[in-house]
Amino acid sequence: MEDIEDVVVAGAPPGLRLPLTAVVVKPKKKPRPDPSAATPSLATLSSQGLSDSEYMAGQLSAFGYAITDEPEEADLWLINTCTVKSPSQSAMTTLISKCKDAKKPLVVAGCVPQGSRDLKELEGISIIGVQQIDRVVEVVEETLKGHEVRLLTRKTLPALDLPKVRKNKFIEILPINVGCLGACTYCKTKHARGHLGSYTVNSLVERVRTVISEGVREIWLSSEDTGAYGRDIGTNLPNLLNAITAELPSDRSTMLRIGMTNPPFILEHLKDIANVLRHPCVYSFLHVPVQSGSVAVLTAMNREYTVSDFRTVADTLNELVPGMQIATDIICGFPGETDEDFAETINLIKEYQFAQVHISQFYPRPGTPAARMKKVPSTEVKKRSRELTAIFESFTPYQGLEGKIERIWITEIATDGIHLVGHTKGYIQVLVVAPDSMLGVSANVKITSVGRWSVFGELIEEPIQVKECTCEEHRVEEPSPSFDCCGGLCSKDVEACQCADNCGERVCNTELEAASASIAVDAAVVVKDPSGGNSPRPLGPCS
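Reading guide: rules and limits
- Residues numbered from 1 in each chain as written.
- Predicted model: local features only at pLDDT ≥ 70, side-chain atom pairs only at ≥ 80, totals over all residues.
- Heavy atoms only, no water.
- Helix = DSSP H or I, 4+ residues; strand = E, 2+ residues; numbered from the N terminus.
- Buried < 20%, exposed > 50% of the residue type's maximum accessible area, 1.4 Å probe, protein only.
- 1 Å grid on protein atoms, 1.4 Å probe; cavity = no way out; pocket = protein on both sides within 12 Å on 5 of 7 lines; lining within 4 Å.
- Points joined across faces, edges and corners; volume = space filled by probe spheres on them.
- Nonpolar A, V, L, I, M, F, W, Y, C, P; charged D, E, K, R; others polar.
- Domains from an automatic or database assignment.
- Pairing = 2+ DSSP bridges.
- Axes fitted to C-alpha atoms, helices over the stretch in contact; angles between N-to-C directions.
- Contact = heavy atoms within 4.5 Å.
- Expected span 1.5 Å × (residues − 1).
- Phe/Tyr/Trp six-rings, centres within 6.5 Å; stacked < 30°, edge-to-face > 60°.
- Lys NZ or Arg CZ within 6 Å of the ring centre and 35° of its normal.
- Right-handed = clockwise from strand over helix to strand, strands pointing away.
- Core = buried A, V, L, I, M, F, W, Y, C linked by side-chain atoms within 4.5 Å.

*Asks:* Any chance you could explain unusual backbone geometry here in plain terms?
*Replies:* Negative phi is the rule for most residues except glycine; trans is the rule for most peptide bonds. Residue Glu304 is not a glycine yet carries a positive backbone phi of 65°. By the secondary structure assignment, Glu304 is in the loop between helix H9 (295-301) and helix H10 (307-320). On the accessibility criterion, Glu304 (46% relative accessible area) is partly exposed. With phi around 45°, Gln353 is a residue other than glycine that occupies positive phi space. Mapped onto the elements of the fold, Gln353 is located in the loop between helix H11 (339-352) and strand E13 (356-361).

As structure tokens, this is what we get:
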């Protein structure tokens, strides 16, 4: 599946894997009743909705298809699309043209056909909407027979337990709802995804249990607006997050990443969200798009919050969550944006110096209110985009990390083929040289060097593999943000303290002070394994 989403990560480092990547799949049909029939193949190309793409690939795979990196060999192409801004649709048009030139049957899925079914580019092409992904096999089957299929209407959410082919076996992308409650003047997602539709807490918790049992090490909650979750079914995001974190292994082998949320719907839950972000198994990271530093521009965008509201979100989370990392988005050159408006945006970005800013230029989406507004000249839009990018690239957000010890969770191979990619509790990307066997495990690293885009580290111990403690004595209500509370250890597993004070503690104060003097977090002591062997364990104040 080839991703054509147009999110621009300003100054992305060369050779590193970004969240949005390109893959192509080539399923092979199950043998037909006629043994003389040729075995067809298929390629799928995707943009946006990575979880949707994984579900569609999973169903096709379960039906007998296989995966390929060579679309030229395929008998059918499947393109999954995004409709937030124009570049994604332009990329879709380019892929459609390539498919026609290659004389391949084609299915287009996702937001573009759902929201713009009458596009000229989609004439004569099979299309499938955002809530019909569980019927992708039917659409592919009929298209391979030469039929044009248009499947766009449905009133229920697709099941969460559909077959799925993960792009990364260690990462589960879990949709918690579809649609949104907003009506931004520049966006067509509402046209395509519709009004908010949330999955129940129980169904999501059950899915979390399942993927953990399958060996997933990161769970990414995805949504058009995570903060709006549950408002249509009488619940809210904190209720869901608390239910999910209760299922995460106490050894911190599986981490949770909360998806993008707009400011309006988390303002009333800020302290609850901060409590969740402090949880040892939740990344202290949140994507909160501000889009502009000007109240006038936000009003024209119909964003339903003020710059002051955004500041409240950022300031509260930064205050309450140690090591908090906030990413944000900016649209340059929105219709009506003056030099003064843009200066306010620059001042906001300079003030907070976010480590991640997704900068995009305004593109009018046909059928949106913003498309009818008076545009800023394109030369000025490009100039503003370049100016903001240069300011953002001047920041040095990781400078203070060099020499520190950090625990990271390793889930990916960098595109340079040399490094593995891990993330700290604050979701800062760290590159390490390590064998592929380290994928899916957690380890302590010493940060050896930092650049504008890259943080490099070296392993300082064996992977952290801690047995989960289930005894009632060590259930912790509010884990310390700096240490592994209990660390999954039961006192029966730990050798008695041998310090001069003979304190008898599982982890005595003398040991703790010595450890914290030299290592900031996640130090390790050797404890006796019940089986008789020795293995590294996290050090934590579990009195």
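*Asks:* Could you clarify how one ought to interpret empty space enclosed by the protein in this entry?
*Replies:* One way to see where empty space is left: roll a probe the size of a water molecule over the atoms. Per the counting criterion, the structure on display carries four cavities of 30 Å³ or more. In this structure, the second largest cavity spans a volume of roughly 40 Å³. Around the second largest cavity, the lining residues are Phe285, Gln325, Ile326, Ala327, Ala355, Gln356, Tyr398, Gly426, Tyr427 and Ile428. Here the lining of the second largest cavity gets three residues from one element, more than from any other, and that element is strand E12 (residues 325-332). Considering only residue class, the lining of the second largest cavity consists of seven nonpolar, three polar and no charged. Lining the lining of the second largest cavity are residues from two domains, each supplying at least three of them: domain 2 (171-394) and domain 3 (404-459).

*Asks:* I keep staring at the sheet that holds E13 and nothing clicks. Help me out?
*Replies:* Hydrogen bonds between backbone atoms are what pair the strands of a sheet, whose relative direction is either parallel or antiparallel. Taking strand neighbours across the sheet as the criterion, the three strands line up as E11-E12-E13 in an open arrangement whose pairing is parallel. Each edge of the open sheet carries a strand with a single partner, namely strand E11 (285-287) and E13. Put simply, the sheet's adjacent strands are angled 15° from each other on average, direction ignored. Bridge analysis of E12 against E13 gives six bridges, and the strand direction is parallel. When the sheet's bridge partners are listed, Thr328 is paired in E13 with Val357. Sitting on the sheet, helix H12 (residues 378-393) touches E12 and E13, and the angle it makes with E13 is about 170°.

*Asks:* Hey, could you run me through H10 in this one?
*Replies:* The periodicity of an α-helix, 3.6 residues per turn, causes residues three or four places apart in sequence to face the same way. Under the 1.5 Å per step criterion, the end-to-end length of H10 is 20 Å for 14 residues, consistent within 8% with the ideal 20 Å. Listed as buried for H10 are Val307, Phe310, Val313, Ala314, Thr316 and Leu317. If you follow the buried residues of H10, they end up packed against helix H8 (270-277), E11, H9, E12 and H11.

*Asks:* How should the packing of aromatic side chains be read in this particular structure?
*Replies:* Remark: the centre distance and the inter-plane angle together describe each pair of aromatic rings, the angle taken between the planes. Across all of its chains, the model carries 10 aromatic pairs by this definition. Each ring, one from Phe310 and one from Tyr352, has its centre 6.4 Å from the other, and the planes form 75°; the classification is edge-to-face. You can see Phe310 sitting in helix H10 and its partner Tyr352 sitting in helix H11, a full 42 residues away along the chain. A single burial state applies to Phe310 and to Tyr352, both of which are buried. Centre to centre, the rings of Phe334 and Phe362 are 5.3 Å apart; their planes meet at 75°, and the pair counts as edge-to-face. With Phe334 in the loop between E12 and H11 and Phe362 in the loop between E13 and H12, this residue pair connects regions lying 28 residues apart in the sequence. For Phe334, a relative accessible area of 0% puts it in the buried group. The cationic tip of Arg257 hangs over the ring face of Trp220; the distance from NZ or CZ to the ring centre is 3.9 Å. Across from the ring centre of Phe392, 4.5 Å away, lies the NZ or CZ of Arg452, which sits over that ring.

*Asks:* Explain the sheet that holds strand E6 (residues 171-175) here, please?
*Replies:* Taken together, three strands build an open sheet; the order of strands is E6-E9-E10 and the sheet is parallel. A strand with exactly one partner marks an edge of an open sheet, and here the two such strands are E6 and strand E10 (255-257). Neighbour-to-neighbour, the strand axes of this sheet turn through a mean angle of 20°, independent of strand direction. Direction of pairing for strand E9 (residues 218-222) relative to E10: parallel, over a ladder of three bridges. When the bridges of E10 are listed, Glu218 appears paired with Met255. Docked against the sheet, helix H6 (residues 201-213) engages E6 and E9, running at close to 170° with respect to E6.

*Asks:* Would you mind going over the pairing of strand E2 (residues 77-81) with me for this structure?
*Replies:* Every regular strand shows the same layout, with side chains that alternate between the two sheet faces. Judged by how many residues are buried, E2 sits mostly within the fold: five of five residues are covered. Residues Trp77, Ile79 and Thr81 line one face of E2 and the alternating positions Leu78 and Asn80 line the opposite face, and both faces are buried. By the bridge criterion, five bridges tie E2 to strand E3 (residues 106-110) in an arrangement that is parallel. Bridge pairing in E3 links Trp77 to Leu106.

*Asks:* What should I look at first to understand the pairing of E9 in this one?
*Replies:* In terms of residue burial, E9 counts as a mostly covered element, since four of its five residues are buried. Relative to E9, E6 runs parallel, the two sharing five bridges. Each residue of the ladder has a partner; that of Ile171, found in E9, is Glu218. Running through helix H7 (residues 237-245), the crossover from E9 to the neighbouring parallel element E10 is right-handed.

*Asks:* Hey, could you run me through the environment of Ala109 in this one?
*Replies:* Note on placement: Ala109 falls in strand E3. The class of Ala109 is buried, set by a relative accessible area of 0%. Distance in space between the C-alpha atoms of Ala109 and Ile127 is 5.6 Å, their sequence separation being 18 residues. When sequence neighbours within four positions are dropped, the list of residues in contact with Ala109 reads Met56, Leu78, Ile79, Asn80, Thr81 and Ile128.

*Asks:* Mind showing me how you'd approach the nonpolar core here?
*Replies:* Of all hydrophobic cores here, the largest spans 91 residues; its most connected members are Tyr186, Ile219 and Leu317. Take this core: its biggest share by element is six residues, from H6. Here this core spans two domains, and each of domain 1 (41-151) and domain 2 (171-394) adds at least three residues to it. In this structure, Ala355, Leu420, Leu439 and Ile447 belong to the second largest nonpolar core, which totals 19 residues.

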